[in-house]
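What follows is the residue order along each chain.
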Amino acid sequence: MNASETSRLRERLNRAPRVAVLTGAGVSAESGVPTFRGADGLWRRYRAEDLATPEAFRRDPRLVWEWYDWRRQLIARCQPNSAHHAVAFLERHAREFLLITQNVDGLHRLAGSLRMVELHGNLWRVRCLEEGKTTENLAVPLPAIPPRCDCGALLRPDVVWFGEGLPPAALREAFDCAERCDVFLVVGTSAVVQPAASLPVIARRRGAYVVEVNLEPTPLTPLAHESHQGKAAEILPALLGLDSAFGDPLGVPHSTLAGPGRPC
Ligand code: APR
């Protein structure tokens, strides 16, 4: 019996007004975006303390920007996969919905997700160190490294580095949603980085139905009502009864999954 045959997720979604989805790097792996801690993960090849901390940026902004420029060039060649499309489909059909992503690659937005919070920022935005304002920057490759603001000050990637606080509004919305949701889906995260890893724990404690999709077991697996091991782009569409090619609903009447979404 495959995942969708044993899963109670769709039955739960049919009667669950509020749905939250937490995603991590694993959801973008099949699009070609490297994960952080997987076999060929970024933190197995690079030292986070040299590239993803405010101290590293103060020490050598050029080195940090060369790395982020490399990541932007790589991600610019990637497209959303069926897991991203399945999440966007769920948003369109859940009564109340919030996507909470740890990913900075922007692929969820490209797949059509709207009701979302980017807990760790977005590498297609830059922030002026002097004025603090953020702007979208899609230049690939960056014309100048390190890039500078019109005011002349250094720009930094608008992402959350180790040792930094998460955007307060995004954090509040994510925790509020975890406390109120009826179904909490967790897709492609190692569930080791806080505070994101606490969200499914809170949701479970508050009575939500927790479903995990991951290539392998994580610290969250014992806590989930269902844990499906395998590739997100295959399993997530199947769990939602979608054709994994493009996330089209396979015989799922639009009335199921209860109509257009509102914020969680
Ligand atoms: N389908 C499903 N799961 C997958 C797939 C896939 N195709 N490929 C990998 N995974 C799983 C791995 O088994 C692992 O549990 O995705 C997870 C990726 O974990 P990490 O690399 O640790 O990424 P993530 O959980 O998003 O990291 C959290 O840590 O480095 C910081 O800020 C960074 O947002 C990131 C945060």
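Before reading further, recall that the structure is shown in the block above.
Residues numbered from 1 in each chain as written. Predicted model: local features only at pLDDT ≥ 70, side-chain atom pairs only at ≥ 80, totals over all residues. Heavy atoms only, no water.

## A closer look at the sheet that holds strand E6 (residues 155-159)
Our working definition: Here a strand pair is declared whenever DSSP counts at least two bridges between the two strands. Here a strand is any run of E in DSSP of at least two residues, a helix any run of H or I of at least four, and the numbering for each starts at the N terminus. Axis lines are fitted to C-alpha atoms, over the contacting stretch for helices. Their N-to-C directions set the angle, which ranges from 0 to 180 degrees. Note on contacts: a residue pair qualifies if any of its non-hydrogen atoms lie within 4.5 Å across the two residues.
Read from one edge to the other, the open sheet built from 3 strands follows the order E5-E4-E6, with strand pairing classed as antiparallel. Taken across any chain shown, the strands that pair with only one partner, and hence form the sheet edges, are strand E5 (134-136) and E6. On average, each strand axis in the sheet is tilted by 45° relative to the strand beside it, whichever way the strands run. Where strand E4 (residues 121-128) meets E6, 5 bridges bridge the pair, whose relative direction is antiparallel. Looking at the pairing, Gly 121 lines up with Val 159 of E6. Of the strands in this sheet, E4 and E6 touch helix H7 (residues 61-76), which is tilted by about 140° from E4.

## Examining the pattern of salt bridges
Applicable threshold: Every case where a carboxyl oxygen of Asp or Glu lies within 4 Å of a side-chain nitrogen of Lys or Arg is listed as a salt bridge. Exposure categories follow from relative accessible area, calculated using a 1.4 Å probe and restricted to protein chains: below 20% of the type maximum is buried, above 50% is exposed, and the middle band is partly exposed.
Applying the stated criterion to the full structure yields 17 salt bridges. As a salt-bridge pair, Asp 50 and Arg 59 come within 3.9 Å of each other at their nearest N and O atoms. With relative accessibility at 25%, the residue Asp 50 sits in the partly exposed group.

## A closer look at the packing of helix H8 (residues 82-93) against helix H12 (residues 232-239)
Stated formally: Roughly parallel means an angle under 35 degrees; roughly antiparallel means over 145; roughly perpendicular covers 65 to 115; every other angle is labelled oblique. By definition, turning the near helix anticlockwise from the far helix through less than a right angle yields a left-handed crossing, and turning it clockwise yields a right-handed one. Only Asp, Glu, Lys and Arg are considered charged in this grouping, and only Ala, Val, Leu, Ile, Met, Phe, Trp, Tyr, Cys and Pro are considered nonpolar; every other residue, Gly among them, is considered polar.
Interaxial distance between H8 and H12 falls to 7 Å at its minimum, and their mutual angle equals 30°. Compared by their axis directions, H8 and H12 come out roughly parallel. Read as a crossing pair, H8 and H12 show a hand that is left-handed. Residues Ser 82, Ala 83, Ala 86 and Val 87 of H8 touch H12, and the partners they reach there are Ala 232, Ala 233, Leu 236 and Pro 237. Per-class residue counts for the contact of H8 with H12 are 7 nonpolar, 1 polar and no charged.

## Comments concerning the pairing of strand E7 (residues 183-187)
Note the cut-off: Convention used here: a crossover is right-handed provided that the path from the first strand, over the helix, to the second strand proceeds clockwise when the strands point away from the viewer.
Of all 5 residues that make up E7, 5 are buried, and the element is covered over most of its length. Across the two faces of E7 the burial is the same, with Val 183, Leu 185 and Val 187 and Phe 184 and Val 186 all buried. Relative to E7, strand E1 (residues 18-23) is paired through 5 bridges, and the arrangement is parallel. Along E7, the bridge assignment pairs Val 21 with Leu 185. Relative to strand E8 (residues 209-214), E7 runs parallel, the two being bridged by 5 bridges. Looking across to E8, one finds that Val 183 is bridged to Tyr 209. Handedness of the crossover joining E7 and E8 through helix H11 (residues 199-205) is recorded here as right-handed.

By themselves, these figures tell us nothing about what the structure is for.
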